[in-house]
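Secondary and tertiary structure notes
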Amino acid sequence: MATTILSDLGAEILIPVCAVVGIVFSLVQWLLVSKVKLTPADAAAAPAANNGKNGYTDYLIDEEENINDHSVVLKCAEIQTAISEGATSFLFTEYQYVGVFMVAFAVLIFLFLGSVEGFSMKSQPCTYDATKLCKPALATAVFSTVAFLLGGITSVVSGFLGMKIATYANARTTLEARKGVGKAFITAFRSGAVMGFLLAANGLLVLYIAINLFKIYYGDDWGGLFEAITGYGLGGSSMALFGRVGGGIYTKAADVGADLVGKVERNIPEDDPRNPAVIADNVGDNVGDIAGMGSDLFGSYAESSCAALVVASISSFGINHELTAMLYPLIVSSVGILVCLVTTLFATDFFEIKAVKEIEPALKKQLIISTVLMTVGIAVVTWISVPSSFTIFNFGTQKVVKNWQLFLCVAVGLWAGLIIGFVTEYYTSNAYSPVQDVADSCRTGAATNVIFGLALGYKSVIIPIFAIAVSIFVSFSFAAMYGIAVAALGMLSTIATGLAIDAYGPISDNAGGIAEMAGMSHRIRERTDALDAAGNTTAAIGKGFAIGSAALVSLALFGAFVSRAHIVTVDVLTPKVFIGLIVGAMLPYWFSAMTMKSVGSAALKMVEEVRRQFNTIPGLMEGTAKPDYATCVKISTDASIKEMIPPGALVMLTPLIVGIFFGVETLSGVLAGSLVSGVQIAISASNTGGAWDNAKKYIEAGASEHARTLGPKGSDPHKAAVIGDTIGDPLKDTSGPSLNILIKLMAVESLVFAPFFATHGGLLFKIF
């Protein structure tokens, strides 16, 4: 048995310590954000108490921007409370429905997996070594159910905490914008970091605790232990699906309704307090882009970890009971937390942003710094925690792998993520020609804008797919399916920084909305717009990471499913597999159609309600009457809860129906088909929507001579850009991000139910 430099005890200490450090760091960031006060007395006292660097300059800016205007501070606090209450109310309603689903699906997992051996309590011959006895199938059923519930609860908590932090920070970012763009940036970024570190650390800690608790029962049966742990990833992604779809429908229904009536028909600014849908729009940013996105990336992290652990458990790590090497995926994530901690300090403490043009480069530097540092971290971790030579299970054989090859697998995933991020940025940032060309196409109306935007989205798929393809080839060549699983983990190893950058966007967006509604000066709105424009691009980068990692995670889960379902080869020329392949490739289109139509239906109701209020409430356009925000919030809530169920059912029921009636071979075709088409549509949809959004912002900002020829707000090119942005909203915030959950969720669900499908599946082929 090869030994590792890091002892088993060292690994058992390192993982929870890193997780706790992440949680403590997030709490410190939260305390720093909470120092920005939302009460007039404290806000007035703040300049006097400011004895940090540039304190005198800050004081002068404070006086210039009238920081002591109590009514503005009170108004910001009031709007923040309304947004927070709306978001909390929606999530509680959503979680009630999701809770019922969780319990029902948990019962289904127990019944299906328990029936594999007829609910027998007798030990069975091990799947991969018939000479040994392993724990009964009933134990796998019980522990898989517990892991599913754990994953689901952790996902829900991650999303909810993220939303609470974002709604806590948005008005504080607005108030800090009066002191300068640098102060506002730090507040928004620190708030995003709270979410990033809490989610990464909680996900790691809960998984580590679950493994240790399960080990008490399973003992030496590591294959059974890690098969049961796969339920953790299934729970995480199940909740993420409903969070992403429900939140995405909510936010886009409000956004489309607010834009079409407010900006296009009534020619009033975005986030104008006269617009009845404006509070619902800001609530939507938090429930969709924060809570949904947090659950989504947690699901990716949980699944990539579970896929790596399952493959490792039937390789030399599991067979020889090498605990440190077995926990390698968790150790990589642990070091990732420390690397992201250092990286965050570069944005908040080591360098100071003084101008608007420095915002986007500062966020991009976060990605570069974290990737470079993480490469060194992975090299060290691989050297100390993995034997110099070991074997990995590869479809029935054991493949010999060197530790330097494993390092390259993780590193190629990490750097592929950075490439995908920068390609996404190139196609969605208005600093580059693709988005500027889309903006220029608005001269001739909405139709040419839509044509250019669609072309950009299709073109943006090319390089990310090549990056994913290279990652798959290199990692599979070196370490089979385990290599692909750890490549996905490499892409997600800097998840804390990725989430901080991602959450920064909606927080800045809300900050701009609050500035507009509170009647703050044009200068403040320019600062928050600059923060928001950078956030738009970074949100697109976050989606690129999520989609790229989803492709690798799904492939790794697919490999684990094929092994667990006892499929020797997947032959696409056999009718059983080919029909699955073509149906699987269709599913992302069906799913996208359902989610986009849901947004359209909800937006239709919102448009009618906003028009009704403008037409029937006297003095609303003049600003002397207050709109009925609550009705718009209720329309978004009711529509999203109702509309999220059919797409969710499609994803959750497809593997069950195909596995039970058509068997594991057809199901393997469905998984392969959905992976191949889903990744392409997801990248295209996200980037098209992001480009349209930033083309609109490019025209609105008027920062260049070219942009000024297309503006100002209210001009025909601007109206065409708003229509493009409105079409892109459901693509980039509902369908696109949800598709990566579709391909992951179907794969992990198939893996969890693989023993049942292998034993009892294919009923139709057995009958005929």
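A short tour of the structure in this document, coming up. All figures in this text were calculated on a predicted structure; none of them were measured in a lab.

Rules used throughout
Residues numbered from 1 in each chain as written. Predicted model: local features only at pLDDT ≥ 70, side-chain atom pairs only at ≥ 80, totals over all residues. Heavy atoms only, no water. Helix = DSSP H or I, 4+ residues; strand = E, 2+ residues; numbered from the N terminus. Rg over C-alpha atoms; globule rule 2.2 N^0.38 Å. Buried < 20%, exposed > 50% of the residue type's maximum accessible area, 1.4 Å probe, protein only. Contact = heavy atoms within 4.5 Å. Lys, Arg positive; Asp, Glu negative; His and termini not counted. Charge placed at Lys NZ, Arg CZ, Asp CG, Glu CD. Core = buried A, V, L, I, M, F, W, Y, C linked by side-chain atoms within 4.5 Å. Pairing = 2+ DSSP bridges. Phe/Tyr/Trp six-rings, centres within 6.5 Å; stacked < 30°, edge-to-face > 60°. Lys NZ or Arg CZ within 6 Å of the ring centre and 35° of its normal. Expected span 1.5 Å × (residues − 1). Bend = angle between axes of the 7 residues up to and from the residue.

**A closer look at the overall build of the protein chain**
The secondary structure content of the protein chain amounts to 25 helices and four strands. What you see for the protein chain is a C-alpha radius of gyration of 26 Å, in line with the 27 Å of a compact globule of 768 residues. Considered along the principal axes of its C-alpha atoms, the protein chain spans approximately 80 × 60 × 45 Å. By residue count, 65% of the 768 residues in the protein chain fall in the buried class. Of the contacts made within the protein chain by residues no fewer than 6 positions apart, 85% connect residues no fewer than 24 positions apart. Charge-centre separation for the protein chain: the mean point of 48 positive side chains lies 1 Å from the mean point of 59 negative side chains.

**Considering the nonpolar core**
Within the largest apolar cluster, 234 residues are counted, with the highest numbers of intra-cluster contacts made by F185, Y328, I359, Y482 and F561. Counting residues per element, this core draws most heavily on helix α6 (residues 181-218), at 22 residues. If near-sequence neighbours (up to four positions away) are discounted, Y328 is found in contact with I378, V381, T382, S385, V386, L406, V410, Y482 and V486. V423, A695, A707 and A721 belong to the second largest nonpolar core, which has 19 residues in total.

**Observations regarding the pairing of strand β4 (residues 397-402)**
Taken residue by residue, a regular strand's side chains alternate between the two faces of the sheet. As judged from the six bridges shared by strand β3 (residues 389-394) and β4, these two strands associate in the antiparallel manner. The residue bridging T391 from the neighbouring strand is V400, located in β4. Hairpin geometry of β3 and β4 is characterised by an intervening segment of two residues between the two adjacent antiparallel strands and by a positive phi of about 50° at F395.

**What about the packing of aromatic side chains?**
Evaluated as defined, the whole model comprises 27 aromatic pairs. Ring centres of Y217 and Y218 lie 5.3 Å apart, and the angle between their planes is 85°; this geometry places the pair in the edge-to-face category. Residue classification places Y218 among the buried residues on the basis of a relative accessible area of 2%. Feature note: the residues F101, F105, F112, F148, F242, F753, F756 and F757 constitute an aromatic cluster, connected by ring pairs. The positively charged end of K135 is found above the aromatic ring belonging to Y217, 4.9 Å away from the centroid. Taking NZ or CZ as reference, R172 lies 3.8 Å from the ring centre of Y168, over its face.

**Considering helix α19 (residues 575-616)**
Given a rise of 1.5 Å per residue, 42 residues ought to cover 62 Å, and the 61 Å separating the end C-alpha atoms of α19 matches this to within 8%. Where α19 bends most, at L587, the angle is about 25°, and the proline P588 comes one to four residues later.

**Notes on the side chain of S300**
One can find S300 in helix α8 (residues 278-313). By relative accessible area, which is 0% here, S300 ends up buried. In contact with S300, not counting residues within four places along its chain, are L492, A546, S549, V553 and K744.

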